[in-house]
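Understanding the architecture of this molecule
Residue strings, one per chain:
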Amino acid sequence: METKKIIETAEEKLIHTYNRYQIVLDKGDGVRLYDTDGKEYLDFGSGIAVFALGYNNKEYNDAVKAQVDKLIHTSNYFYNEPAVEAAKALTKASGMDRVFFTNSGTEAVEGAIKLAKKYAYLKTGKADNEIIAMEHSFHGRSMGALAVTGNKHYQEAFGPMIPGIKFAKYNDLESVEALVTDKTCAVIFETVQGEGGVYPAKKEFIEGVRKLCDEKGILLILDEIQCGMGRTGSMYAYQQYGVKPDIVTTAKALGCGVPVGAFLATEEVAKALVPGDHGTTYGGNPLACAAAAKVFELFDKLDVLSNVQEVGAYLAEKLDEIVDDYAVAVERRGMGLIQGLELSVAPRDVISNALDNGLILFSAGSNVIRFVPPLVIGKDDVDEMIIKLRRALDTVN
Ligand SMILES: *Cc1c(COP(=O)(O)O)cnc(C)c1O
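Quantities reported herein were computed from a predicted structural model and do not represent experimental measurements.

Thresholds, definitions, all that
Residues numbered from 1 in each chain as written. Predicted model: local features only at pLDDT ≥ 70, side-chain atom pairs only at ≥ 80, totals over all residues. Heavy atoms only, no water. Helix = DSSP H or I, 4+ residues; strand = E, 2+ residues; numbered from the N terminus. Rg over C-alpha atoms; globule rule 2.2 N^0.38 Å. Buried < 20%, exposed > 50% of the residue type's maximum accessible area, 1.4 Å probe, protein only. Contact = heavy atoms within 4.5 Å. Areas by Shrake-Rupley, 256 points an atom, 1.4 Å probe, with all protein chains shown as cover. Core = buried A, V, L, I, M, F, W, Y, C linked by side-chain atoms within 4.5 Å. Axes fitted to C-alpha atoms, helices over the stretch in contact; angles between N-to-C directions. Parallel < 35°, antiparallel > 145°, perpendicular 65-115°, else oblique. Left-handed = near helix turned anticlockwise from the far one by under 90°. Nonpolar A, V, L, I, M, F, W, Y, C, P; charged D, E, K, R; others polar. Pairing = 2+ DSSP bridges. pLDDT = per-residue confidence, 0-100.

A closer look at the overall build of the chain
Across its full length, the chain holds 14 helices and 17 strands. A globule of 397 residues ought to have a C-alpha radius of gyration of about 21 Å, and the chain, at 21 Å, matches this closely. Across its three principal axes, the chain shows a C-alpha extent of roughly 60 × 50 × 45 Å. A burial count over the chain gives 53% of its 397 residues as buried. Considering only intrachain contacts with a sequence separation of at least 6, the fraction spanning at least 24 residues in the chain is 71%. For the chain, the exposed area adds up to about 18200 Å²; of that, 52% sits on carbon and sulfur atoms.

Here it is as structure tokens:
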């Protein structure tokens, strides 16, 4: 099909939940994507923080293809080896004890909420618990995940939300303390808020919430769906704070494009779920888990974390120079290779100008440009991106 026809048909047939750029992506290689007209793009979005290894990694592709030829799906009534390999690697990377595989980030959040509720139920004998979430958070679009997503606009038309959810201010420990009651079973937040505008947790905040949770017997759920899997320079961002959650959610880069997510927990918390409590048809299937297991192997082999630390610091430095040079650039925030550049104008024009110039960027919040490139980018890719970004900012400065 020709490009125009693909776009027209998509607009006729797909439910219109996205305003898409008028581009049909066709293939990828390394940190570059190509559209159906052959135009090249430098990718600083990675399909929303998914393609950590870059596109068309041969070893990854071969592992996925080999599993396709062997066995794609089993159901969870049987064991499969790729799931065991992925579970070993993921529990080691996260420091958690047990994992439940899902098909998406949203489902990982759903599972995390259910686990926290069941744990509280076993403790109190009552199912009337409360959860504290954060304003400007993002945890997904299903009814449970949406209920803890602190964005009125996303919730508005879909009420009633599940009850017992209260919203505190992110990075404001007192606002969390003020909401705690004897029914509070969990506090959930992103270690680095992604969609909300790239806000890393302050050390005092995450340490303070951990201490509060310990004192009150409340579970700490950290959502690392976007900021986990090496993006901040450690496998999970909480490792840089020296804080351990009770439950973790992960997804996005976990399968590097094959849909897979997971929630993990400590042994003590995980045992609250027993057969019959939770399930999934696809979750943890051999195809998704072969991809995830390979991702962990390649992270080691390519020393992805060192690259994130080095290139992340370089990206931060180059963005700080932009803050110095451009009146519209207000602030740079982030950790490793999740960075945000807050603008005093809406980022839409900058992003579409960049796209015209062959650079893919995403926004976050209402006024932030988000940089979540593949974790294998080099400093030369940052230099190329900065040239294109400066050109795009020139049009609005
Ligand atoms: C993307 C995201 C989700 C939702 O994940 P899906 O795979 O889109 O369901 C949840 N939490 C955070 C922090 C995210 O960035």
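Comments concerning the nonpolar core
In summary, soluble globular proteins display a tendency toward joint burial of nonpolar side chains. One finds Phe44, Phe189, Phe371 and Leu389 to be the most contacted residues of the largest nonpolar core, which totals 93 residues. For this core, the leading source of residues is helix H11 (residues 286-301), giving 10 residues. If sequence neighbours within four positions are ignored, Leu389 has contacts with Leu319, Ile322, Leu341, Val350, Leu359, Leu361, Ile369 and Phe371. Core analysis: the next-biggest nonpolar cluster, separate from the first, contains 26 residues, Ala116, Ala133, Leu219 and Val269 among them.

Focus on the packing of helix H12 (residues 304-325) against helix H14 (residues 379-394)
For the pair H12 and H14, the least separation of the axes is 10 Å and the interaxial angle reads 20 degrees. Regarding the angle of H12 to H14, the classification is roughly parallel. Relative to H14, H12 is oriented so that their crossing is right-handed. Of the residues in H14, those in contact with Glu310, Val311, Tyr314, Leu315, Lys318, Leu319, Glu321, Ile322 and Asp325 of H12 are Lys379, Val382, Asp383, Met385, Ile386, Leu389, Arg390 and Leu393. When grouped by side-chain class, the residues that make up the contact of H12 with H14 number 10 nonpolar, no polar and 7 charged.

Some details on the environment of Asp182
By secondary structure assignment, the location of Asp182 is in the loop between helix H8 (173-177) and strand E7 (184-190). C-alpha separation for the pair Asp182 and Thr395, spaced 213 residues apart in sequence, amounts to 54 Å.

Comments concerning the sheet that holds strand E2 (residues 32-35)
The strand order across the open sheet built from 4 strands is E1-E2-E3-E15, with neighbouring strands paired in mixed fashion. Both edges of this open sheet fall to strand E1 (25-29) and strand E15 (359-360), since each of them pairs with a single strand only. In this structure, E1 lies alongside E2, joined through 4 bridges in antiparallel fashion. Looking at E2, one finds that Gly28 is bridged to Leu33.

Points about the confidence of the model for the chain
Looking at the chain as a whole, the pLDDT averages 97, with 100% of positions reaching at least 70. Mean pLDDT in the chain bottoms out at helix H7 (residues 152-155), which sits at 94, and peaks at strand E10 (residues 219-223), which reaches 99.

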